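Chain residues, written in single-letter form:
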Amino acid sequence: MPERDDTQSSMKFSRVTGQGGESCLLLTGNCTLSALGRRMSDLSDELTSYASDPHLHWDLTKIDQMDDAGAVLLWRSWGASRPEHLSVRPEQERLFSRLGKTPPLPSLPKKEPLWLVSRVGGGAILLWEHLTSIVILAGQLLLDMKYLMAHPARTPWREISANLFRTGAQALGITALVGFLIGVVLSYLSSKQLQMFGADIFIINILGMSIIRELGPMLAAILVAGRSGSSMTAQLGVMRVNEELDALTVMGIPHSLRLVLPKVIGLGIAMPLVVMWTSAIALMGGMVVAELQLGLSYQFFLSKLPDAVPLANLWLGLSKGVVCGMIIALIACHFGLRIRSDTESLGIGTTNSVVTAITVVIIIDAIFAVIFSDVGIR
Amino acid sequence: MTTSGVSVVEVEDLHTRFGNHVVHEDISLSVKRGEVLGLVGSSGSGKTVLLRQMLGLEIPSQGSVRIFGQSVHESDRNELQGIRNRCGVLFQRGALFSALSVFDNIALPMRELHTLAEPMIRDLVMLKLEMVEIDSQHANKMPAELSGGMIKRIALARAMALDPELLFLDEPTSGLDPVLSEGFVNLIQTLRRELTLTIVMATHDLDTLAALSDRVAVLADQRLLALGSLQEVITTRHPFITKFFLGDRGKKVLGSIGYIS
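Residues numbered from 1 in each chain as written. Chains lettered and ligands numbered in written order. Predicted model: local features only at pLDDT ≥ 70, side-chain atom pairs only at ≥ 80, totals over all residues.

Q: Just to check I follow, could you spell out the overall build of chain A for this structure?
A: Scanning chain A for helices and strands turns up 13 helices and five strands. When its C-alpha atoms are laid out on the principal axes, chain A stretches across 115 × 60 × 50 Å. By residue count, 33% of the 378 residues in chain A fall in the buried class. In chain A, the proportion of contacts linking residues at least 24 apart, taken out of those at least 6 apart, comes to 84%. (Helix = DSSP H or I, 4+ residues; strand = E, 2+ residues; numbered from the N terminus. Buried ≥ 20, exposed ≤ 12 C-beta atoms within 10 Å, placed from the backbone. Contact = placed C-beta atoms within 7 Å.)

Q: Where do I start with the packing of helix H3 (residues 102-113) of chain B against helix H4 (residues 118-131) of chain B in this structure?
A: A pair of packed helices is characterised by two quantities: the angle between their axes and the separation of those axes. Residue and element names in this part refer to chain B. Where H3 meets H4, the axes come as close as 10 Å, and the angle between the chain directions of the two elements is 125°. Regarding the angle of H3 to H4, the classification is oblique. Crossing angle aside, the handedness with which H3 passes H4 is right-handed. Facing Phe103, Ile106, Ala107, Met110 and Arg111 of H3, the residues of H4 in contact are Ile121, Leu124, Val125 and Lys128. (Axes fitted to C-alpha atoms, helices over the stretch in contact; angles between N-to-C directions. Parallel < 35°, antiparallel > 145°, perpendicular 65-115°, else oblique. Left-handed = near helix turned anticlockwise from the far one by under 90°.)

Q: How do you make sense of helix H7 (residues 172-197) of chain A when you look at a structure like this?
A: Since the α-helix advances by 3.6 residues per turn, residues separated by three or four positions end up pointing in the same direction. In this model H7(A) runs 37 Å from its N-terminal to its C-terminal C-alpha over 26 residues, within 8% of the 38 Å that 1.5 Å per residue would give. One or two residues past the end of H7(A) sits A:Gly198, with phi positive at roughly 70°. (Expected span 1.5 Å × (residues − 1).)

Q: Which parts of the structure should I look at to understand the sheet that holds strand E2 (residues 21-32) of chain B?
A: Sheet strands line up and pair through hydrogen bonds in the backbone, either parallel or antiparallel. All names here are of chain B. Here four strands make up an open sheet; going across it, the order is E2-E1-E4-E5 and the pairing antiparallel. Whereas interior strands pair on both sides, the edge strands pair on one side only; in this sheet they are E2 and strand E5 (70-71). Relative to E2, strand E1 (residues 7-18) runs antiparallel, the two being bridged by eight bridges. Looking across to E2, one finds that Val9 is bridged to Val31. Of the strands in this sheet, E1, E2 and strand E4 (62-67) are in contact with helix H1 (residues 47-54), which crosses E4 at around 60°. (Pairing = 2+ DSSP bridges.)

Q: Before we go on, may I ask you to explain the nonpolar core in this structure?
A: Among soluble globular proteins, nonpolar side chains are generally buried collectively. Residues B:Leu39, B:Ile67, B:Phe168, B:Val200, B:Met201 and B:Val218 are the most contacted members of the largest nonpolar core, which totals 94 residues. Contact partners of B:Leu39, with chain neighbours within four places excluded, come to B:Lys47, B:Leu50, B:Leu51, B:Val200, B:Met201, B:Ala202, B:Ala217 and B:Leu219. (Core = buried A, V, L, I, M, F, W, Y, C linked by C-beta atoms within 7 Å.)

Q: Would you mind going over the interface of chain B and chain A with me for this structure?
A: By a widely used convention, the size of an interface equals the accessible area lost when the partners come together. At the junction of the two partners, chain B supplies 36 residues and chain A supplies 34 residues. Secondary-structure elements contributing two or more residues to the side of chain B that touches chain A are helix H2 (77-85), H4 and helix H6 (178-194) of chain B. Looking at the side of chain B that touches chain A, the element that brings in the most residues is H4(B), giving eight residues. Looking at side-chain class alone, the side of chain B that touches chain A contains 17 nonpolar, 10 polar and nine charged residues. (Nonpolar A, V, L, I, M, F, W, Y, C, P; charged D, E, K, R; others polar.)

Q: I would appreciate a short explanation of the environment of A:Val241 in the present structure.
A: Residues and elements named next belong to chain A. Here Val241 shows up in helix H8 (residues 203-241). Val241 sits 101 residues away from Asp342 along the chain, and the two C-alpha atoms are 6.5 Å apart. Those residues within four positions of Val241 in sequence are excluded, and the remaining contacts are Ser341 and Leu346.

Q: Help me out: how do you make sense of the pairing of strand E8 (residues 198-202) of chain B in this one?
A: Side-chain positions along a regular strand alternate between the two faces of the sheet. All names here are of chain B. Where burial is concerned, most of E8 is hidden: five out of the five residues are buried. The alternating pattern of E8 places Thr198, Val200 and Ala202 and Ile199 and Met201 on opposite faces, both of which are buried. Relative to E8, strand E3 (residues 36-41) is paired through four bridges, and the arrangement is parallel. Looking at E8, one finds that Leu37 is bridged to Val200. Where strand E7 (residues 166-170) meets E8, five bridges bridge the pair, whose relative direction is parallel. Residue Leu166 lies in a different strand from E8, and its bridge partner there is Thr198. With respect to chirality, the unit in which E7 leads through H6 into the neighbouring parallel E8 is right-handed. (Right-handed = clockwise from strand over helix to strand, strands pointing away.)

Q: Looking at this structure, how should I read the environment of B:Ala161?
A: Residue and element names in this part refer to chain B. Tracing the backbone through its elements, the reader meets Ala161 in the loop between helix H5 (148-159) and E7. For Ala161 and Asn105, which are 56 residues apart along the polypeptide, the C-alpha to C-alpha distance reads 9.7 Å. Ignoring sequence-local partners within four residues, the contact set of Ala161 consists of Ile106, Pro109, Met110 and Lys128.

Q: Can you walk me through the confidence of the model for chain B in this structure?
A: Averaged over chain B, the pLDDT score is 84; the fraction of residues at 70 or greater is 97%. As scored by the predictor, the complex reaches a pTM of 0.75 and an ipTM of 0.72. (pLDDT = per-residue confidence, 0-100.)

Q: Would you take a moment to explain helix H12 (residues 311-338) of chain A for this structure?
A: Compared with an ideal rise of 1.5 Å per residue, which puts 28 residues at 40 Å, H12(A) spans 41 Å between its outermost C-alpha atoms and is within 8% of the ideal. In terms of burial, H12(A) is a largely internal element, 20 of the 28 residues being buried.

Q: So what exactly am I meant to see when it comes to the packing of H8(A) against helix H10 (residues 255-294) of chain A here?
A: Residues and elements named next belong to chain A. Across the interface, H8 lies against H10 with an axial gap of 7 Å and an inter-helix angle of 140°. The handedness of the crossing between H8 and H10 is right-handed. Per-class residue counts for the contact of H8 with H10 are 20 nonpolar, five polar and one charged.

This is how it looks when you write it as structure tokens:
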């Protein structure tokens, strides 16, 4: 404990007999929060028992220092009113008169009886709000594109290229690592099964089809949704908290043109490239294991790949990338612009953005699977 | 208010460098128990950095800061907690926890003590709100619903939650209208009458500085230019001091309270 000087001595009280023969409680020492410390609850009981005697004279004039906590302690033990006989110093008087005026804490509004109905209804309305405002944002982007066709000089090239770098180039490391490992695992498990049937050669079909058509685009999309989606939402959210969005508005710079459009276009360009990269690395991982497990040489693997996987699958994977990229950026921006200027809303907004983006990416994949069920499959 | 000889804050031989950028060079000062020290300096002179170093939020490149006789950068956890419970801090923009209501913001330091019962905390919080003249109806609001001036006053109520002996104020009156900032000055003066309160205050506001400070420390050119009462400080010859205290505005403020003719 830090060394305290002598003025920090805690409060003491003694019963004395006053000049008029009345019984008197004399309080001395410090009646402050730091001086009372852990004695607070014991003192409270003791003082309350003294306060039950209405004829007791309370003498606080010998107290060295009294702060709010000390005053509240005494006030509560008196039952929130002054005792009949009380002598105080003027500054203590001010404290107690302030305590007497303090209003109670207003109670929180009660839960309404139909809270379940209002929760469900509120949720449905919120969902509708999200849907309409995403559609409005997408429509605004289309209008912005039309505007940019007419005024190409206004295109925010710098922002687009910055987004390309952040969401594309800087994502190469993590997507390569995850892609490679998934390729290794997939290839290892499949080759074990195929060996049982002596169908080793089909490892090329399995890896090629699953990675190029499904896994590559999905892995890339989910990683990018988590990585870039969250950072876009947080960036817009912090701009809201800092009033930067308002500053842009008063300068007459529309949010959609300068902030949302570059992100959507940037990710729309970066995503298919990231998909191609992830697929290639995942195939490489699979190829390494196929060589180790089944003894398929790299040259053989690569030369057989075009026969096993029709080219349409590659285009399908890349177009999934474009669509997912633009949708991820759109969702991230939508949630980012909805954030209100407090930190809690920032956290909730970012979480919602990532969860929604990943869910929507998987839904898009399912839609692609249904629509293009005849394409690229022999 | 009497000031006794005990030093509450001691800064010794303090140097601060960020890379090649020198912020402070050889700064030494001490704040006595019960006094109000005003820290002034042009923007970028390192007032806030010095304040943050006193709070233990930043570590100086060289030198030491002691609060209640203990180093804030070398004490162990318990000692540091002891120091922190005796200090209150008002940050420039309030720094209210936006996830907590006004009531919970002020109650948080009290609850963290684990020595106060909840009904007592309730009374204390309402008393603090009353002290900073915030209506009780705002107690359940969130900080995002409040105006800047209210945030400042609630932040002061939170800084005063544990009835600290030492109070750090970073730009206490910036963002307050003149009436509120006068109210703020009165509030601090009242508090000083009731309690032995030591205050370190960084400010730009000459009115507040003149009304509250017992001594003024002037930071400029990386150094402590002057340290003393306002009358002593304004006699120092330096372009910053001349501009700050004896410019048009300074003359008006200091002239009106009789410091200069």
